[in-house]
Amino acid sequence: MKRKRCLFIAASALVWVLLAACPSWALRSFMMEPGTGVYGVTRMVQAREHDTLLDIAREFGLGYNQIVAANPGIDPWVPREGSLVRLPLTFVPPRERPDTGIVVNLAEMRLYYFFSNGGHDFFFTAPIGIGREGYLTELGEYAVKSKTANPTWVVPESIRREEPDLPAQVPPGPDNPLGDFAFRLSRNLYAIHGTNKPWGVGRRVSHGCIRMYPEDVGALYPLVPVGARVLVVYEPVKFGWADGKLWVQVFDDFDGRLGNQLAKVMDEVLYYETAIGPLELDRAALDRALAEKSGVPMAVARPRKE
């Protein structure tokens, strides 16, 4: 037990050392545990005077989509001072993921970076902005082709046709939409990069690139090597086993790819029953999760009592 604890401390210390070099604390970080598929804790905070939900979202590492979905009764632009704001800080890692590398879940508008150290598996996670309608990033596997600090934006011809007043290149600086750091991907001119418009995180605003808060991409930049795998997936409904229960996390299926969500959930229940045994389904909780699409994981099944 003492040796295991020392290994945990050593591995955790490396994570903290890596992030200590970053400009500010960013990227939610977790050590993965066998048999656990749900991480973090959903919490509440009070809105302060002049707060918007966007301000609160950025402060706690959330995107616009996540905080709005979790707080449907609150005006995102003028929340009443003192009102309780739910922070959906509980995460279910995507099912499809590499041992080491990045997963971009478009439906969730969230990025995950998985890696191992000292015999332990970790992941970092951060909200993202994604492609607007007609420009959604193609699903599939990519690699980090290169990474650049203070990048110059070479404006693609397709964008210049839409916005003829744009120059051929935009140098580093506050007007550069790539922000301070960029990871170029291996195809389709896509990149994961910062932004000079943080309000776009948690929204569909780009031409297919993945936008991150400046502090998040700055923290990720020294950690991800050139050549790292990048999987782009679309998982609006995710499942995780934790605390003896099956949890479901539901996001808006904005691209209409999932089809019958209830059928998807029932297939997943059968999958877990094969591994664990008969489950007792809480149909009321399941119906609520599918209807609300709050992004907050809900317990929908547990082992059936004999």
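Residues numbered from 1 in each chain as written. Predicted model: local features only at pLDDT ≥ 70, side-chain atom pairs only at ≥ 80, totals over all residues. Heavy atoms only, no water.

*Asks:* Summarise the packing of aromatic side chains; cite the residues concerned and give the values.
*Replies:* One pass over the full model with this rule turns up 17 aromatic pairs. Note on Phe-181 and Tyr-221: the rings are 4.7 Å apart at their centroids and 40° apart in plane angle, and the pair reads as tilted. In this pair, Phe-181 sits in strand E12 (residues 181-185) while Tyr-221 sits in the loop between helix H5 (214-220) and strand E16 (229-233), placing the two residues 40 residues apart along the sequence. Residue classification places Tyr-221 among the buried residues on the basis of a relative accessible area of 16%. Taken together, the ring pairs connect Phe-30, Tyr-39, Phe-91, Tyr-112, Phe-114 and Phe-123 into an aromatic cluster. In this arrangement the basic side chain of Lys-147 is found over the ring face of Tyr-221, its NZ or CZ atom lying 4.8 Å from the centre. Above the face of the Tyr-234 ring, Arg-257 is positioned so that its terminal group lies 5.2 Å from the ring centre. (Phe/Tyr/Trp six-rings, centres within 6.5 Å; stacked < 30°, edge-to-face > 60°. Helix = DSSP H or I, 4+ residues; strand = E, 2+ residues; numbered from the N terminus. Buried < 20%, exposed > 50% of the residue type's maximum accessible area, 1.4 Å probe, protein only. Lys NZ or Arg CZ within 6 Å of the ring centre and 35° of its normal.)

*Asks:* Now, about the nonpolar core: what can you tell me, with residues and values included?
*Replies:* Ile-102, Ile-192, Met-212 and Leu-220 are the most contacted members of the largest nonpolar core, which has 33 residues in total. Elements supplying a minimum of two residues to this core: strand E6 (101-105), strand E7 (110-117), strand E8 (120-131), strand E9 (140-149), E12, strand E15 (210-212), H5 and E16. Broken down by element, this core gets its largest block of residues, five residues, from E8. Excluding residues that lie within four positions of it along the chain, Met-212 makes contacts with Leu-27, Leu-111, Ala-126, Pro-127, Ile-128, Ile-192, His-193, Gly-194, Thr-195, Val-201, Val-217 and Leu-220. Counting residues in each nonpolar core, the second largest holds 24 residues, with Val-45, Leu-87, Val-103 and Tyr-112 among its members. (Core = buried A, V, L, I, M, F, W, Y, C linked by side-chain atoms within 4.5 Å. Contact = heavy atoms within 4.5 Å.)

*Asks:* Residue-level account of the pattern of salt bridges, with values.
*Replies:* If you walk through the whole model with that rule in mind, you get ten salt bridges. Arg-229 is the salt-bridge partner of Glu-141, the closest N and O atoms lying 2.9 Å from each other. Highlighted residues: Glu-141 in strand E9 and Arg-229 in strand E16, separated in sequence by 88 residues. The partly exposed category is assigned to Glu-141, whose relative accessible area is 43%. A residue is classified by how much of its surface remains accessible, and Arg-229, at 35% relative accessible area, is partly exposed. The residue Arg-288 makes a salt bridge to Glu-292 at a minimum N-O spacing of 3.0 Å. (Salt bridge = Lys/Arg side-chain N within 4 Å of Asp/Glu carboxyl O.)

*Asks:* Could you give an account of the side chain of Thr-52, naming the residues involved and the relevant values?
*Replies:* Tracing the sequence through the fold places Thr-52 in the loop between strand E3 (43-46) and helix H2 (53-59). Excluding its chain neighbours within four sequence positions, the residues that come into contact with Thr-52 are Pro-76, Trp-77 and Pro-79.

*Asks:* A description of the environment of Gly-101 should follow, citing residues and the corresponding values.
*Replies:* Mapped onto the elements, Gly-101 comes out in strand E6. Linking Gly-101 and Val-250, residues 149 residues apart in sequence, is a C-alpha distance of 24 Å. The residues contacting Gly-101, other than those within four sequence positions of it, are Tyr-112, Tyr-113, Phe-114 and Arg-229.

*Asks:* Lay out the side chain of Ser-206 with the relevant residues and their values.
*Replies:* Relative to the helices and strands, Ser-206 resides in strand E14 (residues 204-206). Excluding anything up to four places from it in sequence, Ser-206 contacts Ile-130, Gly-131, Arg-132, Tyr-135 and Arg-211.

*Asks:* Kindly report on helix H6 (residues 261-276), identifying the contributing residues and their values.
*Replies:* The end-to-end C-alpha separation of H6 is 22 Å, in line with the 22 Å expected for 16 residues at 1.5 Å each. What H6 keeps buried is the set Gln-261, Val-265, Glu-268, Val-269 and Tyr-272. The buried residues of H6 occupy an angular sector of 105° when the element is viewed end-on, so they sit on one face. Residues Asp-267, Leu-270 and Thr-274 are exposed on H6 and point more than 90 degrees away from its buried face. In this structure, the buried residues of H6 make contact with strand E17 (237-242), strand E18 (245-250), strand E19 (279-281) and helix H7 (283-292). Looking at where H6 begins, the residue whose side-chain oxygen comes 3.0 Å from the main-chain nitrogen of Leu-262 is Asn-260. Directly after H6, the chain includes Gly-277, whose backbone phi takes a positive value near 120°. (Expected span 1.5 Å × (residues − 1). Arc of directions from axis to C-beta. Polar contact = N/O pair within 3.5 Å; in protein donor to acceptor, adjacent residues only side chain to side chain.)

*Asks:* So what about the sheet that holds E18? Which residues, and what values?
*Replies:* Taken in spatial order, the four strands of this open sheet run E17-E18-E20-E19, and their pairing is antiparallel. At either end of the open sheet lies a strand with only one pairing partner, and these are E17 and E19. If you compare each strand with its neighbour and ignore which way they point, the axes differ by 30° on average. Here six bridges tie E17 to E18, and the two strands are oriented antiparallel to one another. Its bridge partner being in E18, Phe-239 is matched across the sheet by Val-248. Along the sheet, H6 makes contact with E17, E18 and E19, crossing E17 at roughly 25°. Lying over the sheet, H7 contacts E18, E19 and strand E20 (298-303), oriented at roughly 150° with respect to E20. (Pairing = 2+ DSSP bridges. Axes fitted to C-alpha atoms, helices over the stretch in contact; angles between N-to-C directions.)

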